[in-house]
Amino acid sequence: MPIGLKARLPGLVLLVIALVMLAHTFDPQYSHTMAGLNVGPVFFPQLLLYGWIALALLSLVVIPDALRQAVMERRRHWPAAALSLLLAAYLLLLDPLGFLISSIMLCTAVQWIVGRRIAPLSVVWGALLAVLSWAAFEFLFGIPLPEATLF
């Protein structure tokens, strides 16, 4: 397999996963809107998926030299795979756990994957980022985010 194709394969896989998940958000069961707004319960996951698709498309077009070198040396790309799986898990947990708890877990786990391994500090920063994001969407933009269905 040519090096260019090997380097683009992760981006292609991520693009297909994101497109499948995005297609699922247009299921008729999610077609109702919330509180008279023009947004439904899948508005926030769709925002994340559009960003995911944009990054996947960008990775298909632009291959950094470091990635090309890593493919040539057959290095493992576990952080990118872990972040992709984490984002997929986050999207699946938004409904049962709600935005706030899911986002705290996501932000904390991302810090661990990228190298910040100080547990109390990671949890504090993860919680702070999640609460600030929730407050911005809820109060600044007026967009209600998913609430927990389990409790």
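The notes below deal with the structure included here. In this text, all values refer to a predicted model and were calculated from it rather than measured experimentally. (Residues numbered from 1 in each chain as written. Predicted model: local features only at pLDDT ≥ 70, side-chain atom pairs only at ≥ 80, totals over all residues. Heavy atoms only, no water.)

Things to note about the overall build of the chain
Counted only if it meets this: Each helix corresponds to a stretch of at least 4 residues labelled H or I by DSSP, and each strand to a stretch of at least 2 residues labelled E; elements are numbered beginning at the N terminus. Two residues qualify as a contact provided that any one of their heavy atoms is within 4.5 Å of a heavy atom in the partner residue. Computed with a 1.4 Å probe, the accessible areas rest on the Shrake-Rupley method; for each residue, only the protein chains presented here act as cover.
When you go through the chain residue by residue, the secondary structure sums to five helices and zero strands. Listing the helices and strands of the chain from first to last along the sequence gives α-α-α-α-α. Across the chain, every contact between residues at least 6 apart in sequence was considered, and the portion connecting residues at least 24 apart equals 67%. Taken as a whole, the chain presents about 9600 Å² of accessible surface, with 73% of it coming from carbon and sulfur.

Points about the packing of aromatic side chains
Aromatic ring pairs are defined here through the distance separating the ring centres and the angle between the ring planes. Selection rule: Ring pairs are drawn from Phe, Tyr and Trp, using the six-membered ring of Trp, whenever the two centres fall within 6.5 Å, and their geometry is named by plane angle: stacked under 30 degrees, edge-to-face over 60, tilted for the rest. Think of it in three bands: residues with accessible area under 20% of the maximum for their type are buried, residues over 50% are exposed, and the middle band is partly exposed, with areas taken using a 1.4 Å probe on protein chains only.
Tallied over the full model, the rule gives one aromatic pair. Taken together, a centroid distance of 5.4 Å and an interplanar angle of 85 degrees make the contact between W134 and F139 edge-to-face. Classification of F139 as exposed rests on a relative accessible area of 61%.

Here's the deal with the environment of H24
Mapped onto the elements, H24 comes out in helix 1 (residues 3-25). Residues H24 and V42, 18 residues apart in the sequence, show an inter-C-alpha distance of 9.8 Å.

Comments concerning a nonpolar patch on the surface
The criterion, for reference: Every patch collects residues that have over 30% relative accessible area and no salt bridge, joining them within 9 Å if they carry like charges and within 5 Å if they are nonpolar side chains (Val, Leu, Ile, Met, Phe, Trp, Tyr). By convention in these notes, a salt bridge is any Lys or Arg side-chain nitrogen within 4 Å of a carboxyl oxygen on Asp or Glu.
Where nonpolar side chains cluster on the molecular surface, the patch consists of L93, L100, I101, M105, V131, W134 and F139 and spans about 580 Å² of accessible area. Listed by contribution, the elements that provide at least two residues to the nonpolar patch are helix 4 (78-114) and helix 5 (119-140). As for its placement among the helices and strands, W134 is situated in helix 5.

Focus: helix 4
The condition is simple: To estimate how far a helix should extend, the number of its residues minus one is multiplied by 1.5 Å.
When the terminal C-alpha atoms of helix 4 are compared, their 11 Å separation across 37 residues is substantially less than the 54 Å that a helix rising 1.5 Å per residue should span. Where helix 4 ends, the next residue or the one after it, G115, has phi of about 120 degrees, a positive value.

Focus on the packing of helix 2 (residues 43-61) against helix 4
Heads up, the condition is: Note on geometry: axes are C-alpha line fits, over the in-contact stretch for helices, and angles between N-to-C directions span 0 to 180 degrees. Each angle gets one of four labels, with under 35 degrees taken as roughly parallel, over 145 as roughly antiparallel, 65 to 115 as roughly perpendicular, and the rest as oblique.
It is the contact of helix 2 with helix 4, at a shortest axis distance of 11 Å, that shows an interaxial angle of 175 degrees. Here helix 2 is positioned roughly antiparallel relative to helix 4, judged by the angle of their axes. Contacts between helix 2 and helix 4 involve F44, P45, L48, L49 and W52 from the former and S84, L87, A88, Y90, L91, L94 and F99 from the latter.

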